[in-house]
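# Fold and contact review
Each chain, written out:
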Amino acid sequence: MATVETGTEIRPFQIDIPEDALEDLRRRIEATRLPSKGLVEDRSQGVQLATIRELATYWVTEYDWRKAEARLSALPQFTTEIDGVDIHFIHVKSPNENALPLIMTHGWPGSVIELLETIGPLIDPTAHGGQAEDAFHLVLPSLPGYGFSGEPVEVGWDLGRTARAWAELMRRLGYTRYVAQGGDVGAGVTDAMSRQEPEGLIGIHTNLLVPALSGAMPTATDEERAAAAQIATFQQSGNGYFIEMATRPQTIGYALLDSPVALAAWMLDHDTDSYYKISHAFVDGEPVGNLTRDHVLDNVTLYWLTGTGASAARSYWEAYGPDAPAAGRQPLPPPSIPTGFTTFPGEIWQTPRSWAEASYPNVIYFNEVERGGHFAAWEEPELFSEEVRAAFASLR
């Protein structure tokens, strides 16, 4: 591809994982020292021993990273330096020349791998129950410090800085009218984009209401109080990973870079709904939706091979930590940009429409669906894609 006006080149990217890295991974898994069985029968003490044993056994004996590598390598991938960091991204254009450009951002403990199954339904909707006019050109970047993107070497890469980098990426690609989508950390980046209102951004869609963490949501109705109770439960007993990464990412990083099994356990211990679905896939061999053993290990293995456990953890310190460079800054104003929101039943907390409207004054689409959880795009890619198409239909 040609260089952009600034002279910063967009370079083709090819994955190149040496075989000795995979051999080292297998050796480390086999040498793992496991703790004794937890003293409870649920996940209240953390990831269960039976789950990790099955995961580690499958990882060593049956899992094949080269299949995931081939899937990724079949897609157009690129890197470009933005604000001192090499940003990796997948860029897949639709056969429909009039497709709407969409930049879609993954979260933690995810990666671009959690979005791969949505590519077909979004770029070629006619093959997946949609209409040709529903098509998107897709840009799927890896967050700074995640996957094949470079690690920031200075503090300050908070959600707002990443949002500005995404706007610059879309400008470099020549997109003058586009939309953005995100979940988890990606929802925070997308939220920041909507408040910055960069030139060309005409709408957003998210599936996690990040502003709800502020505690400023209304609690007048039973639905609102139930949602507030879910957030309280999450903050009391479900966000150990969040606190550790937001306050001591370097400390947990030593384990995440040294032990692949520790990395896998840390990534599995995210939320109750997704944990039990993933555990079920490994222990019983029966995946829920698209959360198969191979797909889960594709994502964990990507973190391991790129050595990004610690740098990804630091993104929480940047975004939410008490010592974050963004701490104390005035929040950006409420966005006027058109906003769509979908609430999935297995999400960490449910979002009433009133909460979405309190956060985004220009809600043009809101829907509650019957399947899916925190990793909605990964678990239910067809349903997720239908929601994205519906959310942006009025902006075409």
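No experiment lies behind these values; they were computed from the predicted model shown.

## Focus: the packing of helix α8 (residues 240-247) against helix α9 (residues 249-258)
- At a minimum axis separation of 6 Å, α8 and α9 run at an interaxial angle of 110 degrees. Classified by the interaxial angle, the pair formed by α8 and α9 is roughly perpendicular. On α9, the residues touching Glu244, Met245 and Thr247 of α8 are Pro249, Thr251 and Ile252.
- Of the residues in the contact of α8 with α9, the class split is three nonpolar, two polar and one charged.

## Section: α9
- The set of residues buried in α9 consists of Pro249, Ile252, Gly253 and Leu256. Looking down the long axis of α9, one finds its buried residues gathered within 115 degrees of arc, a one-sided arrangement.
- Where α9 is buried, its residues contact α8, α10 (260-268), α12 (293-306) and α13 (309-320).

## Concerning the pattern of salt bridges
- Per the counting criterion, the structure on display carries 21 salt bridges.
- Among the ionic pairs, Asp24 bridges to Arg28, the shortest N-O distance being 2.9 Å. With Asp24 and Arg28 both in helix α1 (residues 19-30) and four residues apart, this pair spans about one turn of that helix.
- We note a salt bridge from Glu69 to Arg66, for which the minimum N-O separation is 2.9 Å. Of the two residues, Glu69 and Arg66 are both situated in helix α3 (residues 65-73); the distance of three residues between them amounts to about one turn of the helix.
- Its relative accessible area of 13% is what places Glu69 among the buried residues.
- Within this structure, Glu19, Arg26, Arg66 and Glu69 form a network of salt bridges that share partners.

## Notes on the confidence of the model for the chain
- For the chain, per-residue confidence averages 94 on the pLDDT scale, and residues scoring 70 or more make up 96% of the total.
- Below pLDDT 50 for its whole length, residues 1-6 participates in twelve contacts with residues either more than four positions away or in separate chains.
- Below pLDDT 50 for its whole length, residues 325-329 participates in nine contacts with residues either more than four positions away or in separate chains.

## Considerations on the environment of Ala319
- Tracing the chain through its elements places Ala319 in helix α13.
- Overall, Ala319 belongs to the partly exposed group, its relative accessible area being 22%.
- Spatially, the C-alpha atom of Ala319 lies 9.0 Å from that of Val185, the residues being 134 residues apart in sequence.

## Quick look at the packing of aromatic side chains
- If you walk through the whole model with that rule in mind, you get 17 aromatic pairs.
- Summarising the aromatic geometry, the rings of Phe375 and Trp378 are spaced 5.6 Å apart at their centres and angled 85 degrees between planes, so their arrangement reads as edge-to-face. The exposure classification of Phe375 matches that of Trp378, with both residues buried.
- Three or more aromatic residues joined by ring pairs form one cluster here, namely Trp108, Phe234, Tyr241, Phe242, Tyr316, Tyr320 and Trp349.
- For the cation-ring pair, Arg396 lies above Phe136, with the distance from its terminal atom to the ring centre recorded as 4.4 Å.

## Details of the layout of surface pockets
- By volume, the second largest pocket is sized at about 450 Å³.
- Along the walls of the second largest pocket sit 23 residues, with Arg43, Ser237, Gly238, Asp271 and Thr272 positioned nearest its centre.
- Breaking the lining of the second largest pocket down by element, the ones donating at least two residues are α7 (222-238), α8 and α11 (272-284).
- No other element matches the five residues that α7 contributes to the lining of the second largest pocket.
- The residue makeup of the lining of the second largest pocket, split by class, is five nonpolar, twelve polar and six charged.

## Quick look at the pairing of strand β8 (residues 339-343)
- Here β8 lies mainly inside the structure; five of its five residues are buried.
- Across three bridges, strand β7 (residues 201-206) lies against β8 in parallel orientation. For Thr206, the partnering residue across the bridge sits in β8 and is Phe341.
- Bridge count for β8 against strand β9 (residues 363-368) is five bridges, and the pairing is parallel. By the bridge assignment, Phe341 is partnered in β9 with Phe366.
- A crossover connection joins β8 to the parallel β9 through helix α14 (residues 353-359); in handedness this β-α-β unit is right-handed.

Calculation notes
- Residues numbered from 1 in each chain as written.
- Predicted model: local features only at pLDDT ≥ 70, side-chain atom pairs only at ≥ 80, totals over all residues.
- Heavy atoms only, no water.
- Axes fitted to C-alpha atoms, helices over the stretch in contact; angles between N-to-C directions.
- Helix = DSSP H or I, 4+ residues; strand = E, 2+ residues; numbered from the N terminus.
- Parallel < 35°, antiparallel > 145°, perpendicular 65-115°, else oblique.
- Contact = heavy atoms within 4.5 Å.
- Nonpolar A, V, L, I, M, F, W, Y, C, P; charged D, E, K, R; others polar.
- Buried < 20%, exposed > 50% of the residue type's maximum accessible area, 1.4 Å probe, protein only.
- Arc of directions from axis to C-beta.
- Salt bridge = Lys/Arg side-chain N within 4 Å of Asp/Glu carboxyl O.
- pLDDT = per-residue confidence, 0-100.
- Phe/Tyr/Trp six-rings, centres within 6.5 Å; stacked < 30°, edge-to-face > 60°.
- Lys NZ or Arg CZ within 6 Å of the ring centre and 35° of its normal.
- 1 Å grid on protein atoms, 1.4 Å probe; cavity = no way out; pocket = protein on both sides within 12 Å on 5 of 7 lines; lining within 4 Å.
- Points joined across faces, edges and corners; volume = space filled by probe spheres on them.
- Pairing = 2+ DSSP bridges.
- Right-handed = clockwise from strand over helix to strand, strands pointing away.

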